[in-house]
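Reading the structure
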Amino acid sequence: MNNIKIYILTLVTSFLVLSSCKDALDVAPKNIIQSDIIFSDESAIEAYLASLYYELPVEDFRFAPNGGFNRSGTGTGGTSLAHLSDEALTTTASSDIGSGSALGYFPYSSIRNVNAFIEKIPSSPLASDKKNQWLGEAKFIRAYYYFGLVKRYGGMPLITTTQNFDGTNLGELQVPRNTEKELYDFIGKELDEAAALLRPSSPSGRANKYVAYTLKSRAMLYAASIAKYGTVELDGLVGIPASSANTYWQAAYDAAKQVIGKYSLYNKNANKSQNFADLFLDANNPEIIFVKNFKEAAGNSHSYDLFNVPYGVRAPSGYGGRISPTVELSEAYEYINDANGALKITDGSGNPIKYPDVLSLFANKDPRLAATFILPFSTWRGTTIDVQAGLINGTNTITTGDYNTKFNTPSGPIDIIGRNGIGGSGGERTQTGFYIRKYLDPGKEPSSISGTSGEQQFIDFRFAEVLLNYAEAAVELGGSAKIADAKSAINDIRARAGIQLLSDAEVTRDRIRRERQVELAFESHRYWDIRRWRIADQVLNNKNFAVLMPYRVLDDSPNTFIFKKVPSPSTKNFLPKLYYEQIPTGEIAKNPKLIQNPLY
């Protein structure tokens, strides 16, 4: 009996440590004991479940390629998923995409833990309604683990029971790969079972019925895209037969439809740009479906602000400016009444257009642009973010590598380049002319920003994604009724954004893809989207993204600005093998039944 009390006390203590955070499920567990004894104690079960949630493959502020998940106190300190796609550049953009091992994820110890939980929870003496909720959460978690696997590697071993090594059965534990289709089918079935068990609402950071359906809509969208646009290799270990595409499109559509009407788009501020910026900072938000919470006092925080505020307002410790949004992404944002979002920097004859100030270049752009980017010469926390490439003086272009260098004019010395860019050592000043705004906290004084001060929640699932999933699946399925559904969903998003609505004829696959690109920018979607559509090699391979260079024209009184677009010196390269990650060679050494992915 004394041993039982000690076990319970240890587990309850662990749970109390976890509960010191706003959301207990977002703090690393302490000494979780996998013993039957815990399933008779509610606090112990909650602590065990917290450990499972903590291991979810959420690509949040603390995830980084080559760094993995839950990097303590850090995140976005170099490369990120944004840098792997066409969203952003960094000073090392040429090596951003890697050789196929940057996104490694091999969660079989976590899968073993969730399998044990699922096996043991039905025998708990606690109330059936609680057991059903816990079981539903565990099934959601297991499906998410497998989704993190399949979107990286394709088919992998599907293990749904707890494996135990007795010293003689190593061969039984070395399981071959299942097909990619088998994994997606399992994920869909698992999430249906989870949704049937889960309540319709839940505390922040925990799964409910509609969280499960949202993950299903995302996962089935991936499966459908791979079936339609990918190829089957290794007898189906990677790739899904094209004949299955419509089944998955329909599953994605149906799952999204379950969520529509249960949440709503964030729409609290009449100012469209400010409204979109506020969406990511307001915890009282009807658009949020599933988040990961952070709290510095509980030792569970991030460093997003530290690494991404503009150079001129950076923290005393330095850093800043690590995510430089690309010019190409800025041009994906339409004008309010013009679908062509290309920046108007030259006239019909190719001559530079002169603007009275830098921000005039972005007049009448989709308001989401200024909510997602910090535009050159816009204001952040009362400071003008001066991003100037140089001066035009007659036929001379004047520039320098030092923002302290001045140019003498009859009216006195003036800056040649802006303090905030372009370029600079360590990647601390913008590489493209833009800084990121999405998720930055304007309430933080620079002096208060540190590597552990970030507390913004990361929104893993939000309602706009559900509408986009629904619209994409509907258009792919085709037919007038489905096009009408897609139009309704997309126009809800565009109306919230403050741009012109689409007609039936404009509701196309490519318009929906572009809407997804701009609405979900920097939310860890784009890299996976261009992979599942099998266009990443077209978008990224041997690609030099543009840099926007604002120049002040001294010949005019008052001075005007012109702009040049020049290629970045950094080249991105995406080879076809990168549509699947390389299975770690160490895992193959432990399990020779694992077959390596193609081209590795």
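Residues numbered from 1 in each chain as written. Predicted model: local features only at pLDDT ≥ 70, side-chain atom pairs only at ≥ 80, totals over all residues. Heavy atoms only, no water.

1. Concerning unusual backbone geometry
Residues other than glycine predominantly adopt negative phi, and peptide bonds predominantly adopt the trans conformation. In plain terms, the rule: Numbering of helices and strands starts at the N terminus; helices are DSSP runs of H or I of at least 4 residues and strands are runs of E of at least 2. Remark: exposure states derive from per-residue accessible area (1.4 Å probe, protein chains only) relative to the maximum for the residue type, with buried under 20%, exposed over 50%, and partly exposed in between.
Here the amide bond leading from Gly421 into Ile422 is cis, since omega sits at 20 degrees, within 30 degrees of zero. Its place among the elements puts Ile422 in the loop between strand E10 (412-415) and strand E11 (435-436). Cis rather than trans, the peptide bond between Ser557 and Pro558 has omega equal to 0 degrees. Its location among the elements puts Pro558 in the loop between strand E13 (546-553) and strand E14 (560-567). The backbone phi angle of Asn66 is positive, close to 65 degrees, even though this residue is not glycine. Mapped onto the elements, Asn66 comes out in the loop between helix H2 (42-54) and helix H3 (81-84). Its identity as a non-glycine residue notwithstanding, Asp235 has a phi of 55 degrees, on the positive side. Within the fold, Asp235 resides in the loop between helix H8 (209-229) and helix H9 (245-259). Asp235 sits in the exposed class, given a relative accessible area of 78%.

2. Focus: the confidence of the model for the chain
Rule in force here: Each residue gets a pLDDT score, which is the predictor's confidence in that residue and runs from 0 to 100. Every residue pair with non-hydrogen atoms within 4.5 Å of one another is taken to be in contact.
Per-residue pLDDT for the chain averages 91, and the proportion of residues at 70 or more is 91%. Long-range and interchain partners of residues 1-33, a stretch whose pLDDT sits below 50, account for 61 contacts in this model, where long-range means more than four residues apart.

3. Thoughts on the packing of H8 against H9
What counts, and what does not: The axes are straight lines fitted to the C-alpha atoms, using for helices just the contacting stretch, and the angles between their N-to-C directions are given from 0 to 180°. Here roughly perpendicular refers to angles of 65 to 115 degrees, roughly parallel to angles under 35, roughly antiparallel to angles over 145, and oblique to all remaining angles. The sense of a crossing depends on the near helix, which, turned anticlockwise from the far helix by less than a right angle, makes the crossing left-handed and, turned clockwise, makes it right-handed. Classification used: nonpolar for Ala, Val, Leu, Ile, Met, Phe, Trp, Tyr, Cys and Pro, charged for Asp, Glu, Lys and Arg, polar for all others including Gly.
Orientation of H8 relative to H9, taken along the N-to-C sense of each, is 160 degrees, at an axis distance of 7 Å. Taken together, H8 and H9 sit at an angle that is classed as roughly antiparallel. Note that H8 runs across H9; the crossing there is left-handed. Broken down by class, the residue content of the contact of H8 with H9 amounts to 16 nonpolar, 4 polar and 2 charged.

4. With respect to the sheet that holds E14
Put simply, the rule reads: A pair of strands counts as paired when DSSP detects no fewer than two bridges linking them.
Pairing is mixed across the open sheet formed by 4 strands, whose spatial order is E8-E7-E13-E14. Looking at which strands have only one partner, the edges of the open sheet turn out to be strand E8 (396-398) and E14. Neighbouring strand axes in the sheet, compared pairwise and without regard to direction, differ in orientation by 30 degrees on average. In this sheet, E13 lies alongside strand E7 (residues 390-393) in parallel orientation, the contact comprising 3 bridges. Considered in E13, the bridge of Leu391 is made with Arg552.

5. Observations concerning helix H5 (residues 128-153)
Each α-helix winds once per 3.6 residues, and so residues spaced three or four apart point in a common direction. Note the threshold: Given a helix with a known number of residues, its expected span is that number minus one, times 1.5 Å.
In this model H5 runs 37 Å from its N-terminal to its C-terminal C-alpha over 26 residues, within 8% of the 38 Å that 1.5 Å per residue would give. Following H5 by one or two positions, Gly154 adopts a phi angle in the positive range, close to 80 degrees.

6. Observations regarding the pairing of E10
Sheet topology places strand E9 (residues 406-409) next to E10; 4 bridges connect them, and they run antiparallel. Its bridge partner lying in E10, Thr409 is registered against Gly412. Connecting the antiparallel pair E9 and E10 is a turn made up of 2 residues.

7. Points about the packing of aromatic side chains
What counts is decided by this rule: For Phe, Tyr and Trp, where Trp contributes only its six-membered ring, two rings pair if their centres lie within 6.5 Å, and the inter-plane angle classes them as stacked under 30 degrees, edge-to-face over 60, or tilted in between.
Enumeration according to the criterion identifies 33 aromatic pairs in this entry. Ring geometry for Tyr48 and Phe117: centres 5.2 Å apart, planes at 65 degrees, overall edge-to-face. Of this pair, Tyr48 sits in helix H2 while Phe117 sits in helix H4 (residues 108-120), and the two are 69 residues apart along the sequence. Exposure remark for Tyr48: the relative accessible area of 2% places this residue in the buried category. On the basis of relative accessibility, which here comes to 0%, the residue Phe117 falls in the buried class. Seen in terms of ring centroids, Phe61 and Phe458 are 5.4 Å apart; in terms of plane orientation they differ by 90 degrees. Their pairing is edge-to-face. Taken as a pair, Phe61 in the loop between H2 and H3 and Phe458 in strand E12 (residues 458-462) lie far apart in primary sequence, 397 residues in all.

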